[in-house]
Amino acid sequence: MSERRRFAVLPRLGVTPPLHEVVRSSLEAAIARAEDGRAAGPDASPPLAVLDAGCGRVSALVPFRARIGRFVGADIHRPASGSLPHLDEFVEADLCREADAFAAGTFDVVLSSFTVEHFADPPSAFASIRGWLRPGGTLVLITVNRRHPFVAAYLGLPARPRGRLQRIVKATAADAHPLVGACNDPRALRMALEAAGFGAIRSTSVGHLARAWGRSLPGYLLGLAGDLLAQPYPSRRSTLVVSARAPLP
Ligand SMILES: C[S@@+](CC[C@H](N)C(=O)[O-])C[C@H]1O[C@@H](n2cnc3c(N)ncnc32)[C@H](O)[C@@H]1O
C-alpha cells in the first residue's frame, strides 16, 4: 500500500481532522485578525511580520507567503545556505535563552511547530515569544501530547533507545532532535502560557501518529492503532494545536 493511499484511508477510519487542516485554519484566523487590525489602523502601518520560531526547514506559513510582508525564521541550528527560500530573514537563536533575539512587539503572528517538546525551558521561550508579539498578536503552537500513552512511552524511554527509535520514525536523521517534553500536556501547556501572560488560549487535539510514523507500513499500523485508541478522548490525542494571544494594552 503506497504512503498516499495509507493516509487517504485515515478519514474513513474516523481519524479526523488531519493536522494540516487544523493548523491551516488556526494560521488563517491569526493572519486575518492581524490584517483586520492593520485595516483599522493608520495608513502607514508596517507590513505584516511573522516569525517561525524553531523553523527547521519546512513551514506551515508558506501558503500565506503572499500576505506576509516580513517572514522571519529562527532556529538554534543554522540551515544550509539557500535551504529556506520562503524566508526574508533567518536568525540563529536559542529561543529558551535569548530573550533579546528580537525587539519587543516585532511580530503579528508567531508559529512554533513541533518545537516545544524540544525546549529545555518552555516557560522562558513562551515569555520571550509573548514579548516579541505585538499587543493582540497570536502564537500558534503545535506539539506532541504526553497524555497519549504511546507519546508518554516514547518520551519516557531512556535517551539512547529513544534516540534510536526517533531516527527510525523520522523522515531523516536530521529531523531527529533531542526531546525533553517538559511541558507537553494540555494542562501544563495552558498553565505555562498563562504564566507567560498569554490570554484567549484555545487548544484542540488531533490524532497524528499514523501520518507522522507512516512512512513504513509497521510505523503506520502502530500509529493507526494509537490514533484509533485515543480518537474518542480529545485530551489524549497525540498532537495539540494551541493558539494564544498577547494581551492588548
Ligand atoms: C522537529 S523540528 C520542527 C521544525 C519545523 N518547525 C517543522 O514543523 O517541521 C524542531 C526544530 O526546533 C529547533 N529547536 C529546538 N530547540 C530550539 C531552541 N531552544 N531554540 C531554537 N530552535 C530550537 C530544532 O533545531 C528544529 O529545527
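Look up a bit, the structure's there.
Let me sum up the structure you'll find in this document. Keep in mind that what you see is a predicted model, and the values were worked out from it rather than measured. (Residues numbered from 1 in each chain as written. Predicted model: local features only at pLDDT ≥ 70, side-chain atom pairs only at ≥ 80, totals over all residues.)

## Some thoughts on helix H3 (residues 122–132)
For clarity, the threshold we go by: A residue is called partly exposed when the number of other C-beta atoms within 10 Å of its own lies between 12 and 20, exposed at 12 or fewer, and buried at 20 or more, with C-beta atoms placed from the backbone. Numbering of helices and strands starts at the N terminus; helices are DSSP runs of H or I of at least 4 residues and strands are runs of E of at least 2. The contact criterion used is a C-beta to C-beta distance within 7 Å, with each C-beta placed from the backbone.
Those residues of H3 that fall on the buried side of the exposure criterion are Pro122, Ala125, Phe126, Ser128, Ile129, Arg130 and Trp132. In this fold, the buried residues of H3 make contact with strand S1 (49–53), strand S4 (107–113), strand S5 (133–144) and helix H6 (186–195).

## Quick look at the sheet that holds S5
Let me state the cut-off plainly: Any two strands with at least two DSSP bridges between them are considered paired. Each axis is a line fitted through C-alpha atoms, taken for helices only over the stretch in contact, and angles between the N-to-C directions span 0 to 180 degrees.
Within the open sheet, the seven strands sit side by side as S3-S2-S1-S4-S5-S7-S6. Their pairing is mixed. The open sheet has two free edges, formed respectively by strand S3 (89–92) and strand S6 (199–206), since each of these has just one partner strand. On average, each strand axis in the sheet is tilted by 15 degrees relative to the strand beside it, whichever way the strands run. Bridging between S6 and strand S7 (residues 239–245) involves six bridges; their strand directions are antiparallel. The residue bridging Ser203 from the neighbouring strand is Val242, located in S7. Strand contacts of helix H2 (residues 19–40): S4, S5, S6 and S7, with the helix running at about 175 degrees to S5, the strand carrying the most contacts. The strands that H6 touches are S6 and S7; relative to S6, the one it contacts most, it runs at about 160 degrees.

## Quick look at the environment of Leu133
Along the chain, Leu133 turns up in strand S5. Not counting the four nearest positions on each side in its chain, Leu133 is found in contact with Phe107, Val110, Leu139 and Ala246.

## Re the nonpolar core
A general tendency of soluble globular proteins is for nonpolar side chains to be buried together. Selection rule: One nonpolar core equals one set of buried Ala, Val, Leu, Ile, Met, Phe, Trp, Tyr and Cys residues connected by C-beta atoms within 7 Å.
With 46 residues, the main nonpolar core has Val50, Leu51, Phe107, Val109, Val110, Ile129 and Leu139 as its most contacted residues. Elements supplying a minimum of two residues to this core: H2, S1, strand S2 (70–75), S4, H3, S5, H6 and S7. It is H2 that contributes the most residues to this core, six residues altogether. In this structure, Val110 is in contact with Leu51, Ala53, Ile129, Trp132, Leu133 and Leu139, ignoring residues within four places of it in sequence. Formed by eight residues, the second largest nonpolar core is a distinct cluster that contains Leu10, Val15, Ala212 and Trp213.

## Considering unusual backbone geometry
Across the chain, the bulk of peptide bonds are trans and the bulk of non-glycine residues have phi less than zero. The omega torsion across Thr16 and Pro17 is -10 degrees, close enough to zero to call that bond cis. Positionally, Pro17 belongs in the loop between helix H1 (3–9) and H2. Backbone geometry at Ala200 places phi at a positive 45 degrees, although glycine is not the residue there. Here Ala200 is to be found in strand S6. The exposure class of Ala200 is exposed, given the 11 C-beta atoms found within 10 Å.

Scope: geometric values only; no functional claims are made or implied.
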